[in-house]
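Each chain, written out:
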Protein chains: 4
Amino acid sequence: MTTIGFIGLGIMGGPMAANLVRAGHTVLGYDLGQARVDQLVAAGGRAAADAADAATADVIITMLPDSPDVEAVALGEGGVLEHAKPGALYIDMSTVRPETARRLAHAAAVKGVRTLDAPVSGGEPGAIEGRLSIMVGGLEGDFEEARPLFEVLGATVVLVGPAGAGQTVKAANQLVVGGTYALVAEALVLLEASGLDGKTGLDVLAGGLAGSRILELKRESMAERRFAPGFRIDLHHKDMGIAVAAARDAEVALPMTGLVAQLVAAARSQGHGALDHSALLKVIENLSGRAPVKE
Amino acid sequence: MTTIGFIGLGIMGGPMAANLVRAGHTVLGYDLGQARVDQLVAAGGRAAADAADAATADVIITMLPDSPDVEAVALGEGGVLEHAKPGALYIDMSTVRPETARRLAHAAAVKGVRTLDAPVSGGEPGAIEGRLSIMVGGLEGDFEEARPLFEVLGATVVLVGPAGAGQTVKAANQLVVGGTYALVAEALVLLEASGLDGKTGLDVLAGGLAGSRILELKRESMAERRFAPGFRIDLHHKDMGIAVAAARDAEVALPMTGLVAQLVAAARSQGHGALDHSALLKVIENLSGRAPVKE
Amino acid sequence: MTTIGFIGLGIMGGPMAANLVRAGHTVLGYDLGQARVDQLVAAGGRAAADAADAATADVIITMLPDSPDVEAVALGEGGVLEHAKPGALYIDMSTVRPETARRLAHAAAVKGVRTLDAPVSGGEPGAIEGRLSIMVGGLEGDFEEARPLFEVLGATVVLVGPAGAGQTVKAANQLVVGGTYALVAEALVLLEASGLDGKTGLDVLAGGLAGSRILELKRESMAERRFAPGFRIDLHHKDMGIAVAAARDAEVALPMTGLVAQLVAAARSQGHGALDHSALLKVIENLSGRAPVKE
Amino acid sequence: MTTIGFIGLGIMGGPMAANLVRAGHTVLGYDLGQARVDQLVAAGGRAAADAADAATADVIITMLPDSPDVEAVALGEGGVLEHAKPGALYIDMSTVRPETARRLAHAAAVKGVRTLDAPVSGGEPGAIEGRLSIMVGGLEGDFEEARPLFEVLGATVVLVGPAGAGQTVKAANQLVVGGTYALVAEALVLLEASGLDGKTGLDVLAGGLAGSRILELKRESMAERRFAPGFRIDLHHKDMGIAVAAARDAEVALPMTGLVAQLVAAARSQGHGALDHSALLKVIENLSGRAPVKE
């Protein structure tokens, strides 16, 4: 069994680390919040003294909110690369810019540390049940070595390309998800404003070429305006920022993505940041004067 | 068995009329192209002398390219409403503006003619195999009367609301379909421009929350740039015009729909009108300088 | 002096007809509202019995709200083309689709009636003061014949091309105007949300490459949220519909125009139809949660 | 006369530093390119040994390509803040994110260094002729102290708010400029595709409410497809990135800005980065299949 340094024990990282403990691994956890560390210890993990301590493990995993956090923990003073052993495998499972993942990989290579970028989708339930989708960028050998750990955490685990590729696929995923919510919202608003029952109309769409996982899972809650998260607008806003930046770095122009990013930003500005991302519907309704901006 | 006047025996109407013949109905067919009428006769149908002749049947079905065609055939001199018997049931299965369907219903009511708007999705294969999805607007009694005919033509048949509702649901369907193609295209361009294998990346998306019927059916052909129709860009361009008009009539503002309509228009302007609607990919690629405008 | 049949004596048409009377022309006016006809008579004009009566003049001018009105009055029973004398000159000064203008010109030519399309900009004050801008489509000889009348009504009078060209230029004008309002609104919202004084920031923009007639005339009222019309959102919404349709007819894809059309539609849906078009600012503010949807 | 450390002697910084020399100031110049330093010395300036040396002056000015350059020179080892004297005035005239300007101001305050952010518009000719527009963020006292220097460099000099405000106004300016080019491009494409002479149509627009400084200066060159810079697409692409980031930092949603950013990105992706920003026209033309992607 492997010793794993796990940094970032939040909503996602907490249950992921616990699943690794449950699978028999030694998990050396670290988080700025002591309560989260205690929770891991209660689940059978061990407390790292600090990030540097966690970084001495054979495998280091980070699961942090945003690019600057990852850069600080990975590249900063007292951070992962300063303390990791040559030959260690460092897996960042946070969602960050592909460019950040590539810079990290280069910096790590200089120190003899191997890296994988391995962002996930599937949200809190996926993390708890070990049923995440994991998109991995890096070298095949490193991926194969990490695969047993990934299979503890996720149901779908795919190596999609070299360093940064995991983050690129995640960015592509999030732009399609955000855009699909916006399209379903526009369909629903058109149906209702035309005097139809929105749910009945979306039922028909769900059964044909317009069908999608989002229509399958969310059309009822959207038609009934239930927006308990799920995956929060705030996080999707962060992810759309990554998608727009990834497009810029790849030197492509993505007009739909540019618009979706602004609509998600609007959802946040209108005060819906803590709601499920399906609450993009509120922006579309509001644009047509069909709902109050703030509850 | 019912006598059905069927006007418009094209790519869609031809096989639909033939299916009705096969199910035992007397079909009195009419089309401006004599060859198409001959084909129906060869299949066991009968030739109407003109539209007026077809309009004397108990049930009249029209399957025509666009709103002006329907208005001419339904409302014009020598047209359906001039010659239909009071009490006849007139079903327009063309895709037209919801507003056109409502005007037709009113004009018919004045003459004592009952109407249903019943646009379909599923394309030529669906028409041939009798597996169309049919979205119906009108009164429940009329719908129930027509249901046996619809069940010959389609696999999914739903009454979605009053007159015009079928067209509204069709418009909503087409905006979601067009938008989903654009989103998948942007994802693919981002993946490829980032140096990844597009197909592998889309495979991952297809398995998660970004999944859709379009990703399921079309990701392989899109990644390989195969754009044989299927449903042509030209037709989707017509349908996006209807979606934008329907939004206008319903007094809603749909920013995604507005943008998708322009992207589909671009596909047509760039000369891809006869390709499958998945060729929206060519517009997104071209925007990023990744493909020639014209083959 | 010419005898002019003038159909449509509303906010624009009323003062225009009065200006023609003042310039010494015999104006035979018609409007569905008797009060408006009376007002023209009080100003020295004459009352036509109906549109057909007005259509018997040497020059016929229509100034009507929208394409269907123009089609009804020009092409309908008892309308202009039915009653105009061969050789008469029919000038439509309404803002309609270029396509409508071209169809009118063809229908008129069949009857030996000459046409010009001559939409205006400059609003009610321009109509009253005879300082409109007039964009004319048609033949040079007809334009020269009409020029003395145009010079009574407007300060800038330009022949821009053949039949329909006046309407195309008007459409181009309105998409630039609507889009500029949206851009200035976004600049203002960004400035204010960043804690700056909006007016001071716009002053700087007005003096440089970002400068425009709209910044010159409207930045103060926009910064102070004064939206008394001026040119109403409702009319600009109509005009954006024409711009989108003109793009469609010309087989071009205009993404900015498509988005502006939806933003103007939003202004109307949110209840601001009777405000000045600079009230597009309310849509942009509202999108960012910075203003209530409805007063 | 003041001693000024001037870091960054490129296309803009070179002539600006030379103008300060000409006005009688002692200018201690630094650039990574020795030839540029030599040129300043030939013009009467003095060569700084390195950035640290230049940073010991009473007033330090930086004029650098992008945010990371400014951060490195200002905050990095051997940089401005490490070597500036307490009480020195540091003016960054580069165009960077407002957020970067604010971070710089905070970091400087800790060291007792005063700052102004003072981005410019007006391009190379404005820099050479000392006719730039300068948008300044910072404290009034510091602005008044710097005013004599600004007046050597620019014709319009405005204090628009506290630290970062100059950059916010610059961002607002660039989004309006980029958007106006896109709108004029769409108008031109619509006119030409409708068979009109583009120049004639734009002349009419320039004279009315659609009028703008861009129509005034660029309509002829755009109609004739002359795109010699001027201000390059590459730089405008950088600036749209700043505008989108500024909107994000200010928590507002700007749909037009989001779309313009993608259209400018497209111009760059299509290979037009070195052309004038009016070459946005090539993207709009190309979208409608009216021009080749690459020359």
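So, how was this worked out
Residues numbered from 1 in each chain as written. Chains lettered and ligands numbered in written order. Predicted model: local features only at pLDDT ≥ 70, side-chain atom pairs only at ≥ 80, totals over all residues. Heavy atoms only, no water. UniProt positions renumbered as here; feature names shortened; annotations may be inferred. Helix = DSSP H or I, 4+ residues; strand = E, 2+ residues; numbered from the N terminus. Least-squares fit on C-alpha atoms with pLDDT ≥ 70 in both. Contact = heavy atoms within 4.5 Å. Domains from an automatic or database assignment. Buried area = accessible area lost by both parts, 1.4 Å probe. Salt bridge = Lys/Arg side-chain N within 4 Å of Asp/Glu carboxyl O. Polar contact = N/O pair within 3.5 Å; in protein donor to acceptor, adjacent residues only side chain to side chain. Buried < 20%, exposed > 50% of the residue type's maximum accessible area, 1.4 Å probe, protein only. Nonpolar A, V, L, I, M, F, W, Y, C, P; charged D, E, K, R; others polar. Axes fitted to C-alpha atoms, helices over the stretch in contact; angles between N-to-C directions. Parallel < 35°, antiparallel > 145°, perpendicular 65-115°, else oblique. Left-handed = near helix turned anticlockwise from the far one by under 90°.

Before going further, it helps to spend a moment on the UniProt feature "domain: 3-hydroxyisobutyrate dehydrogenase-like NAD-binding" (unreviewed entry) in chain A. According to UniProt, the "domain: 3-hydroxyisobutyrate dehydrogenase-like NAD-binding" (unreviewed entry) feature falls on residues 164-284 of chain A. For the annotated span residues 164-284 of chain A, helix accounts for 74% and strand for 0% of the residues, and the straight-line distance between the end C-alpha atoms is 33 Å.

Our focus in this paragraph is the relation of the copies chain B and chain C. Superposition record for chain B on chain C: RMSD 0.1 Å, screw rotation 180°, translation along axis 0.1 Å. Taken together, the rotation angle and the small translation identify this as a two-fold axis. Taking the C-alpha atom as reference, chain B places Gly258 of chain B closest to the rotation axis, 2.6 Å from it. When the interface residues of chain B are mapped onto chain C, 100% of them again fall at the interface, so both copies present the same face.

The next thing to look at is the relation of the copies chain B and chain A. Placing chain B over chain A gives an RMSD of 0.0 Å and needs a rotation angle of 180°, together with 0.0 Å of translation along the axis. Both copies present the same face, since 100% of the interface residues in chain B are matched by interface residues at the equivalent positions in chain A.

Residue and element names in this part refer to chain A. As far as domains go, chain A holds domain 1 (3-161) and domain 2 (168-287). One C-alpha centre belongs to domain 1, the other to domain 2, and the line joining them spans 29 Å. With 13 residues of domain 1 at the interface, the matching set in domain 2 holds 10 residues. Surface buried jointly by domain 1 and domain 2 totals about 1,000 Å² across both partners, of which 64% is contributed by carbon and sulfur atoms. When the buried surface of domain 1 facing domain 2 is broken down by residue, Thr95, Arg97 and Pro98 rank first, second and third, together holding 45% of it. The tally of links from domain 1 across to domain 2 stands at one salt bridge. The partner of Asp249 in a salt bridge is Arg97, with the nearest N and O atoms 2.9 Å apart. Put simply, domain 1 and domain 2 have five residue pairs in polar contact (both at pLDDT 80 or more) between them.

Below, the discussion takes up the side chain of Lys218 of chain B. Residue and element names in this part refer to chain B. Examined against the element boundaries, Lys218 turns out to sit in helix H11 (residues 213-223). For Lys218, a relative accessible area of 16% corresponds to the buried category. In this structure Lys218 touches Tyr181, Asp276, His277 and Ser278, once residues within four positions along its chain are discounted.

Further remarks concern the interface of chain B and chain C. As a measure of interface size, the accessible area lost when the parts come together is often cited. In this complex, chain B contributes 17 residues to the contact, which on the side of chain C involves 17 residues. When the two sides are added together, the surface that chain B and chain C hide from each other amounts to roughly 1,300 Å², 49% of it contributed by carbon and sulfur. Inspection of the chain B/chain C interface yields two salt bridges. Arg268 of chain B serves as the salt-bridge partner of Glu251 of chain C, at 3.3 Å between the closest nitrogen and oxygen. For the pair chain B and chain C, the interface holds eight residue pairs in polar contact (both at pLDDT 80 or more). Looking at the side of chain B that touches chain C, the elements that each hand over two or more residues are helix H12 (233-249) and helix H13 (255-272) of chain B. Top element by residues in the side of chain B that touches chain C is H13 of chain B. It accounts for eight residues. Of the residues in the side of chain B that touches chain C, the class split is eight nonpolar, five polar and four charged.

As a further point, take the packing of helix H10 (residues 198-206) of chain C against helix H9 (residues 165-193) of chain D. Relative orientation of the contacting elements H10 of chain C and H9 of chain D amounts to 50°, with a least axis distance of 10 Å. Between H10 of chain C and H9 of chain D, the crossing angle belongs to the class labelled oblique. The handedness of the crossing between H10 of chain C and H9 of chain D comes out as right-handed. When H10 of chain C is examined against H9 of chain D, the residues Gly201, Val204 and Leu205 of chain C are found in contact with a partner set consisting of Val169, Ala172, Asn173 and Val176 of chain D. Here the residues of the contact of H10 of chain C with H9 of chain D sort into five nonpolar, two polar and no charged.

Listed as interface residues are 55 residues of chain B and, on the opposing side, 55 residues of chain A. Carbon and sulfur atoms supply 79% of the area buried between chain B and chain A, which totals about 4,800 Å² over both sides. For chain B, the biggest contributors to the area lost against chain A are Leu190, Leu209 and Met256 of chain B; these three give 16% of the whole. In this assembly, chain B and chain A are joined by zero salt bridges. There are eight residue pairs in polar contact (both at pLDDT 80 or more) connecting chain B and chain A.

Our next topic: the pattern of salt bridges. Opposite charge on two side chains makes pairing possible when the charged atoms of those side chains draw close. Tallied over the entire structure, the rule returns 76 salt bridges over all chains. Linking Asp31 of chain B and Arg36 of chain B is a salt bridge whose minimum nitrogen-to-oxygen distance equals 3.4 Å. With a closest N to O distance of 2.8 Å, Arg114 of chain C and Asp142 of chain C form a salt bridge. You can see Arg114 of chain C sitting in strand E6 (residues 114-117) and its partner Asp142 of chain C sitting in helix H8 (residues 140-153), a full 28 residues away along the chain. Using a relative accessible area of 24% as the deciding quantity, one classes Arg114 of chain C as partly exposed. We classify Asp142 of chain C as buried; its relative accessible area is 9%.

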